[in-house]
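Here is how the chains run, residue by residue.
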Amino acid sequence: MPRLSIIVATYNSAATLRRCLESIFSQDFTDWEALVVDGGSCDGTVDIITAFSEKLHYWHSRADRGIYDAWNQALKQARGEYVCFIGADDAWTSKHSLSTLFEAIGGREIDLVTSRGTLRDMDWRPVASIGGGWNYARLPRRLGLIHPGLLHRRTLFDTYGPFDDRLRIVGDLDFLLRLPANVRVLHVNENTIDIQAGGISRRQFWRRLSERYHVHTRCARVGRLRAGIYWADKAWRMPIARMLGLPY
């Protein structure tokens, strides 16, 4: 079985998917498998997937209920010890990204491996370096870590369940909130992933905030009162961040 399953969910991603896939296939760490789950694209995305199909462990193209449904479908096919999810508009920073992460793991049994990423604008120019380590206490208020490229031990999904496919934007946060305080975590303080700004979480800020509130209210260690406080904290910061051109 491979050490890593890399899952890419796509939908009408022809403009960026080739860059994403080429960054995977160029890695000098080779103990991985790649899975692409497409939501039924009609813009040439499937042509790109089929061009690379011999290098993919699994792919399909059919209608789904969104990114978390797509990820859950891919998880059923994934065989890796670890699983990571990257967007079709993201790319590994260099050919050494995966070897950097797995050299840091070594022979240890780690549940989550976090790293840093470079946020890039729509013209692929660097905007900011983002991402920190796991902080169980601060997680509900500030996610801190970046989910693209985050390595999850696959058994976590067996223990704590798949993604909630009723969500559209914060299913990754919802999953991480289910993890216990004693989860074994390693942070690699290097930029390993390039993330293109302008995704759904940025374009649909108020929906993201609404989903966060819903997820927080059903989380036992947050509750309705704190959920409201966290909602207000995000809401007033957004206009300032937008004015300054910062991530929000």
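## Looking at the environment of glycine 132
In step 1: With respect to the element layout, glycine 132 can be found in the loop between strand 7 (126-130) and strand 8 (151-153).
In step 2: On the basis of relative accessibility, which here comes to 21%, the residue glycine 132 falls in the partly exposed class.
In step 3: Here the alpha-carbon distance between glycine 132 and histidine 187, two residues 55 residues apart in the chain, equals 7.6 Å.
In step 4: Sequence-distant contacts of glycine 132, that is, excluding residues within four places in its chain, are made with Thr114, Ser115, Arg116, Gly144, Leu145 and His187.

## Some points on helix 8 (residues 205-217)
In step 1: Over its 13 residues, helix 8 extends 18 Å from the first C-alpha to the last, a length consistent with the 18 Å expected when each residue adds 1.5 Å.
In step 2: Along helix 8, the residues that are buried comprise Phe205, Arg208, Leu209, Glu211, Arg212, Val215 and His216. Angularly, the buried residues of helix 8 cover 165° about the axis, an arc narrow enough to put them on a single face.

## Remarks on unusual backbone geometry
In step 1: A positive phi is found at asparagine 12, a non-glycine position, where the angle reads about 50°.
In step 2: By the secondary structure assignment, asparagine 12 is in the loop between strand 1 (4-10) and helix 1 (17-25).
In step 3: Exposure remark for asparagine 12: the relative accessible area of 32% places this residue in the partly exposed category.
In step 4: If you check the backbone angles, tryptophan 124 has positive phi at about 70° while not being a glycine.
In step 5: Assignment of secondary structure puts tryptophan 124 in the loop between strand 6 (112-120) and strand 7.

## Some words on the packing of aromatic side chains
In step 1: All told, the structure shown has 15 aromatic pairs when counted by the stated rule.
In step 2: Aromatic pair tyrosine 68 and phenylalanine 163: ring centres 5.8 Å apart, planes at 35°, arrangement tilted. Remark: phenylalanine 163 occurs in the loop between helix 5 (155-160) and helix 6 (171-177) and tyrosine 68 occurs in helix 3 (residues 67-75); sequence separation between them is 95 residues. For the pair formed by tyrosine 68 and phenylalanine 163, the shared burial category is buried.
In step 3: With 5.5 Å between their ring centres and 50° between their planes, phenylalanine 157 and phenylalanine 163 make a pair best called tilted. Taken as a pair, phenylalanine 157 and phenylalanine 163 share a single burial class, namely buried.

## Some words on the side chain of threonine 118
In step 1: Here threonine 118 lies in strand 6.
In step 2: Taking relative accessible area as the criterion, threonine 118 reaches 13% and is therefore assigned buried.
In step 3: In terms of polar contacts, threonine 118 uses its side chain to reach the side chain of asparagine 191, at 2.8 Å.
In step 4: Look past the residues within four positions of threonine 118 in its chain and what remains in contact with it is Pro126, Ala128, Asn191, Ile193, Asp194 and Ile195.

## Comments concerning the side chain of histidine 216
In step 1: Within the secondary structure layout, histidine 216 lies in helix 8.
In step 2: Residues within four places of histidine 216 in sequence aside, it is in contact with Pro140, Leu173, Leu177, Val222, Gly223, Ala227 and Tyr230.

## As for the pattern of salt bridges
In step 1: Inspection of the entire model under this criterion finds 18 salt bridges.
In step 2: Among the salt bridges present, the one from arginine 142 reaches aspartate 233, with a minimum N-O distance of 3.0 Å. Separated by 91 residues along the polypeptide, arginine 142 in the loop between strand 7 and strand 8 and aspartate 233 in helix 9 (residues 223-244) bring together distant segments of the chain.
In step 3: Between arginine 218 and aspartate 174 there is a salt bridge, with the nearest N and O atoms lying 3.0 Å from each other. One end of the pair, arginine 218, is in the loop between helix 8 and helix 9; the other, aspartate 174, is in helix 6, and 44 residues separate them in sequence.
In step 4: Residue class for arginine 218 comes out partly exposed when judged on its relative accessible area of 37%.
In step 5: Take aspartate 174: its relative accessible area is 7%, and that puts it in the buried class.
In step 6: One salt-bridge network, held together by shared partners, links Arg3, Glu81, Glu109, Asp111, Arg153 and Arg184.

What counts as what
Residues numbered from 1 in each chain as written. Predicted model: local features only at pLDDT ≥ 70, side-chain atom pairs only at ≥ 80, totals over all residues. Heavy atoms only, no water. Helix = DSSP H or I, 4+ residues; strand = E, 2+ residues; numbered from the N terminus. Buried < 20%, exposed > 50% of the residue type's maximum accessible area, 1.4 Å probe, protein only. Contact = heavy atoms within 4.5 Å. Expected span 1.5 Å × (residues − 1). Arc of directions from axis to C-beta. Phe/Tyr/Trp six-rings, centres within 6.5 Å; stacked < 30°, edge-to-face > 60°. Polar contact = N/O pair within 3.5 Å; in protein donor to acceptor, adjacent residues only side chain to side chain. Salt bridge = Lys/Arg side-chain N within 4 Å of Asp/Glu carboxyl O.

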